[in-house]
Amino acid sequence: MIQWFIGIIVGLFSCTISFSALAQGLIDVDYDPEIPTLKQDIGYVTGERITTPEHALSYLRALQSAAPERMSIQIYATSWQGRELVTALITSPENMLRLDEIKTDLKKLASGDKLEPDERRNLIARTPAVTWLSYGVHGDEISSTDAALGLAYHLLAARGDDIVDTILKETIVVIDPMQNPDGRARFVHSFESSLGLEPLADRYSAEHDQPWPSGRYNHYLFDLNRDWFALSQPETRGKVKAILDWNPVVVVDAHEMNGDESYFFAPAAEPFNPGITDSQRQKQTLFGQNHAKWFDKLGFEYFTREVYDQFYPGYGDMWPTLNGAIAMTYEQGSVGGLRFEKTNGEEITYLDSIQHHFISTLSTAEVVAKNKQLFLSDYADYRASAVKEGRASKQRYFIVDRSQRAWDVNQFAKRFILQGIHVFQTDGSRSLCGQKYPKGAIIIDQAQPNGRLIKTLLADSTPLPVEFLEEQESRRDRSLPHELYDVTAWSVPMMDGLSVSTCKSVDLSKAVQVYGGAVSAIQDTSSAAFGYAVPWTDTGQAKLILAALAEGFTGKATDKAYTVGDREYPRGTTIFPTKGNPENLATRLNALSLEVGAELVPMQSSWVDEGPNFGSNEFRHLKSPKIALAWGEGTVPTDTGATRFIIERNLGVPVSPIRVRTLGRADLEDYDVLILPQISSNFSSELGESGVEALKLFVSDGGVLIGFSTALNVLIDEDIGLLSTSLETMFFSDEDDTASKDDDEDGGPVPGTKITSEEGYKASIADPDKKPDSVPGVLLHAIANTDHWLSAGYEQTTALLTGNRIYRPLNEADGTNVFRFAGPDDLLASGYLWEENRHQLAFKPFVMAQPHGDGMVIGFTQSPTTRAYLNGLTLLLANAIILGPAHTD
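Residues numbered from 1 in each chain as written. Predicted model: local features only at pLDDT ≥ 70, side-chain atom pairs only at ≥ 80, totals over all residues. Heavy atoms only, no water.

### Focus on the overall build of the protein chain
A count of helical and extended segments in the protein chain gives 26 helices and 37 strands. Relative to its length of 889 residues, the protein chain is compact, with a C-alpha radius of gyration of 29 Å against a globular reference of 29 Å. Considered along the principal axes of its C-alpha atoms, the protein chain spans approximately 85 × 80 × 65 Å. Put simply, the protein chain has 889 residues, and 60% of those count as buried. Nonlocal contacts in the protein chain, meaning residues at least 24 apart in sequence, comprise 79% of its contacts between residues at least 6 apart. When the accessible surface of the protein chain is totalled, it reaches about 35000 Å², and 47% of it is carbon and sulfur. Seen as two clouds, the 78 positive and the 120 negative side-chain charges of the protein chain have centres 7 Å apart. (Helix = DSSP H or I, 4+ residues; strand = E, 2+ residues; numbered from the N terminus. Rg over C-alpha atoms; globule rule 2.2 N^0.38 Å. Buried < 20%, exposed > 50% of the residue type's maximum accessible area, 1.4 Å probe, protein only. Contact = heavy atoms within 4.5 Å. Areas by Shrake-Rupley, 256 points an atom, 1.4 Å probe, with all protein chains shown as cover. Lys, Arg positive; Asp, Glu negative; His and termini not counted. Charge placed at Lys NZ, Arg CZ, Asp CG, Glu CD.)

### Re the packing of aromatic side chains
In the structure shown here, the tally under the stated rule is 35 aromatic pairs. Ring centres of tryptophan 228 and tryptophan 319 lie 5.7 Å apart, and the angle between their planes is 35 degrees; on these two criteria the pair is classed as tilted. One end of the pair, tryptophan 228, is in the loop between α10 (181–194) and α11 (234–246); the other, tryptophan 319, is in the loop between β10 (309–310) and β11 (326–333), with 91 residues separating them in the sequence. Grouping residues by exposure puts tryptophan 228 and tryptophan 319 together as buried. Note on phenylalanine 311 and tryptophan 490: the rings are 5.1 Å apart at their centroids and 70 degrees apart in plane angle, and the pair reads as edge-to-face. Of this pair, phenylalanine 311 sits in the loop between β10 and β11 while tryptophan 490 is found in the loop between α17 (466–477) and α18 (492–496), placing the two residues 179 residues apart along the sequence. The residues phenylalanine 311 and tryptophan 490 share a single accessibility class, namely buried. An aromatic cluster of at least three residues, connected via ring pairs, comprises Phe229, Phe264, Phe303, Tyr308, Phe311, Tyr312, Tyr315, Tyr485, Trp490 and Tyr869. One residue, arginine 281, lies across the ring of phenylalanine 272, its end atom 3.8 Å from the ring centre. A cation sits over an aromatic face here: lysine 626 above tyrosine 671, 5.4 Å from the ring centre. (Phe/Tyr/Trp six-rings, centres within 6.5 Å; stacked < 30°, edge-to-face > 60°. Lys NZ or Arg CZ within 6 Å of the ring centre and 35° of its normal.)

### Description of the pattern of salt bridges
Opposite charge on two side chains makes pairing possible when the charged atoms of those side chains draw close. Following the criterion strictly, the structure yields 45 salt bridges and no others. Note that glutamate 84 is salt-bridged to arginine 61, the shortest N-O span being 2.7 Å. Placement of glutamate 84 in strand β3 (residues 84–90) and of arginine 61 in helix α4 (residues 53–66) is noted, with a sequence separation of 23 residues between them. The shortest N-O distance in the salt bridge between lysine 844 and glutamate 728 comes to 3.0 Å. Placement of lysine 844 in the loop between α25 (835–841) and β36 (845–852) and of glutamate 728 in the loop between α23 (712–715) and α24 (758–764) is noted, with a sequence separation of 116 residues between them. Both residues of the pair, lysine 844 and glutamate 728, belong to the buried class. Ionic contacts of the salt-bridge type, sharing partners, join the residues Glu141, Arg216, Asp223, Arg226, Asp486 and Arg867 into one network. (Salt bridge = Lys/Arg side-chain N within 4 Å of Asp/Glu carboxyl O.)

### Some thoughts on the sheet that holds strand β20 (residues 512–514)
Reading across the sheet, the five strands line up as β19-β14-β18-β15-β20 and stay open at both edges, with antiparallel pairing between neighbours. Whereas interior strands pair on both sides, the edge strands pair on one side only; in this sheet they are β19 (500–503) and β20. Averaged over all adjacent pairs, the angle separating strand axes in this sheet is 35 degrees, with direction ignored. Across the face of the sheet, helix α15 (residues 406–418) comes into contact with β14 (397–401), β15 (423–426), β18 (441–445) and β20 while running at roughly 25 degrees to β18. (Pairing = 2+ DSSP bridges. Axes fitted to C-alpha atoms, helices over the stretch in contact; angles between N-to-C directions.)

### Considerations on the environment of valine 673
Mapped onto the elements of the fold, valine 673 is located in strand β30 (residues 673–676). Counting along the chain gives 196 residues from valine 673 to tyrosine 869, while the straight-line C-alpha distance between them is 23 Å. Not counting residues within four places of it along the chain, the set of residues in contact with valine 673 comprises Lys626, Ile627, Ala628, Phe698, Val704, Ile706, Ile881 and Pro885.

### Remarks on the nonpolar core
Counting 222 residues, the largest nonpolar core has Ile706, Phe846, Ile858 and Ile881 as the members making the most contacts within it. Once residues lying within four places of it in the same chain are set aside, the contact partners of phenylalanine 846 are Ala782, Thr797, Ala799, Phe819, Arg820, Phe821, Gly859, Phe860, Thr861, Gln862, Leu873 and Leu876. Counting residues in hydrophobic clusters, the runner-up holds 29 residues, among them Leu674, Val692, Leu705 and Leu810. (Core = buried A, V, L, I, M, F, W, Y, C linked by side-chain atoms within 4.5 Å.)

### Focus on the confidence of the model for the protein chain
Chain-level pLDDT for the protein chain is 94 on average; 94% of the residues reach the 70-or-more range. Between residues 1–17, whose pLDDT stays under 50, and residues either more than four places distant or in other chains, the model counts 24 contacts. Long-range and interchain partners of residues 737–741, a stretch whose pLDDT sits below 50, account for 12 contacts in this model, where long-range means more than four residues apart. (pLDDT = per-residue confidence, 0-100.)

### Comments concerning the side chain of arginine 805
Within the fold, arginine 805 resides in the loop between β33 (796–803) and β34 (816–821). The side chain of arginine 805 is buried and forms no salt bridge, while aspartate 639, the nearest opposite charge, is found at 8.7 Å. Engagement of the side chain of arginine 805 in a polar contact is seen with the side chain of serine 709, the distance being 2.7 Å. Non-local contacts of arginine 805, meaning those with residues more than four positions away in its chain, are made with Gln678, Ser709, Thr710, Leu727, Thr861 and Gln862. (Polar contact = N/O pair within 3.5 Å; in protein donor to acceptor, adjacent residues only side chain to side chain.)

### A closer look at the sheet that holds β3
Remark on secondary structure: sheet strands pair via backbone hydrogen bonds, oriented parallel or antiparallel. If you trace the seven strands from one edge of the open sheet to the other, you get β2-β3-β6-β4-β7-β11-β8, paired in mixed fashion. Of all strands in the sheet, those bounded by a partner on one side alone are β2 (71–78) and β8 (263–264). Lying on the sheet, helix α13 (residues 350–370) is in contact with β4 (129–135), β6 (171–176), β7 (250–257), β8 and β11; it crosses β11 at an angle near 160 degrees.

### Regarding unusual backbone geometry
For the bond from alanine 266 to proline 267, the omega torsion is 10 degrees, close enough to zero to count as cis. Here proline 267 is to be found in the loop between β8 and β9 (269–272). Cis geometry is found at the peptide bond from glutamate 270 to proline 271, where omega equals 0 degrees. With respect to the secondary-structure elements, proline 271 resides in strand β9.

### Considerations on the environment of isoleucine 50
Inspection of the secondary structure assignment puts isoleucine 50 in the loop between α3 (38–41) and α4. We classify isoleucine 50 as buried; its relative accessible area is 3%. On a C-alpha basis, the gap between isoleucine 50 and aspartate 146 in space is 7.5 Å, while along the polypeptide they are 96 residues apart. Apart from residues no more than four positions distant in its own chain, isoleucine 50 is found in contact with Tyr44, Ile142, Asp146, Arg184, Phe187, Val188, Phe191, Gly337, Leu338 and Tyr350.

### Notes on α4
For α4, built from 14 residues, the straight-helix expectation of 20 Å at 1.5 Å per residue is met to within 8% by its first-to-last C-alpha distance of 20 Å. Of the residues making up α4, those classed as buried are Pro53, Ala56, Leu57, Tyr59, Leu60, Ala62 and Leu63. (Expected span 1.5 Å × (residues − 1).)

### Comments concerning α15
Residues spaced three or four apart along an α-helix point in a common direction, a consequence of the helix completing one turn every 3.6 residues. Compared with the 18 Å implied by 1.5 Å per residue over 13 residues, the 19 Å span of α15 between its first and last C-alpha is a close match. Those residues of α15 not exposed but buried are Trp407, Asp408, Val409, Asn410, Phe412, Ala413, Arg415, Phe416 and Ile417. Taken from the residues just after α15, glycine 420 is the one with a positive phi, measuring 75 degrees.

What follows is the structure in structure tokens.
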């Protein structure tokens, strides 16, 4: 019925156009009737409908069946919801017959090894370049997928077209038509459910107004265009592996932007990551100039060098760039449906947006094909020069200590291996670069073909260009917003909470290369007379404890460290005694420890040499926590999804998502923990009065209520009053002669002032209620209060700060500032922080805990789950959800 209904609707609006007509309106070309059009295979023509994920794959398979000698579909991942992610390889029949040979040749060129001139020349001459065209990483940026289908058809069906013939001969075009099928399916469902008599151009109509969480995100609500080095999602891991297999010289990531905009293509905007070479930037101009010829010829508007920078390495146009490709973002003004009226009155159609992406990506393939040898040569040069640059670096080797957070070190190594980076490991006690590593180390050599990627991911900080920073400070002085698009800090060791050092030279003769992650220590599987201890040292230990609790085993965690022999067991260490637990305790705990890769220590006696014994009140009974998460309208999708993902997939605990508007009538007493992730401006209206009362009752009855970032604004509201802190306005020094808002309250004369400088003038007109300037993203040092159970496993940590929220510390009569930011001189760990913010943030809280009734409120002033890449904070989140319920009445 829905197919018939939609067919009636689009019939009222359709432009009678097929793929052939799509291109014929732009290009003078003849098409092979043996290659099926979208109309012939699916039943509608390009631009009439928004193609579903299922139809997109069906059509690609029809194209492959029609031209198997020129097209090959390869599955590279499966989404959380079970949808296949594929690439379509399109090339000449001659190239298709020798794909394995071509792949081998490309690996030689990409190896960074010095090749003999004749060998290099022959490789470049005989090897096609790979052009990687990816579409739809955000599921509601819809036009690119239909453009991908159109381009695949065009490359297969066009006859006698010199551009297409050159593309097929000189290159392999890899089309990744749909990087986020789950998100696209969500968008299409929302759009089709909202259609009426005809598609509407009104931006406020339901078909243009997506419900939460929108189609932008994948199943776990991740922005997949920020996941390239975090590699948390299956879509990303599969894509990265596929790109590493093929070594493309060019990668395009086709997006959509605000519908009032035109079209963006390279060159990118400032700032550029220092790992980008002048040659790569020049190639962006080469592409831009060719696109401009096409767009000018067809009357398409565009812009370049604005908004979309190339600094943060987690983008689809940055991770490949730091591997040597020319990677670029293309942005089309979104129709968000089938029609859209811009603010200037111009109406654009879905077909228009498809055409723009079709032309820009066709133009991309054309440039590579006509300059194949140049692109292959430059790609090989980039990767060889990265090796040379790494060898010359005084920080050539990055060394990660395995004696601290061993499980997290293992996960760290795995993520780098997945990125094609060689990782080495030493076992046992080693001295490296003048430092002792009692349990060995992970070593990463920067002298690799992807060495510039290694450097930017592992270095403490990646510098922004001085001229760019000067301009941003000037803009702030002029009360203009900064032009930074994303975070300025992403040091992976810092975010993972790992200890890393660098040096010029390391002897790797006693190290082994690891391929699946660091090798875990052999587990002690012996039986224990008293029980088993799980030291509270890293995320893997927390995961083991949670798995044991979920199986019904009982244990207690200590609030104070204890010592047995020469080993100290830190705060949070959990003991599962033999007595009182099922007979299979030893078997299951050992099996779980091996499965997780965590440490399990047999205890023959409860006796300790220092610290509390098992029967002390310092040991708290643990239970498997039942966790609820505020969900839906009123919450920020990415933070909500990342929080659920970390707890479910990294810690192994199911989460119950409860819509915000339902909290007031939900049975919250069934849960031990309720998490409020980052919230949006409509949270309070969604929550309602009944929701407010439900939150207060939940805490007073013994629940643990955890709030992240903007959720603290609700907790400090006077109607709730669960957290006794305040949000600060911008700090003005005592010397600033700021005007009081009350000075002229009655409209009468006010006391005279004397302004003696430009600074004084700016201060006199400053809004006293102005918030601190927004920070795009920096890493800050935070110091732990080690007397509080919530800081178990930490003495200090690193937090990612974004935005402009700064909170007052809790008064000690109300609660505890469990983590506070360091002083101004030690505050900044990585990135660029405005000077005023640095002084105002010093000593302010990162994590607060306040008891209420029988329960507890825990407030994180910055989210610990952002993008699921703050792995060093996962143990802190585990403290809250495991140890928290043990400390309520």
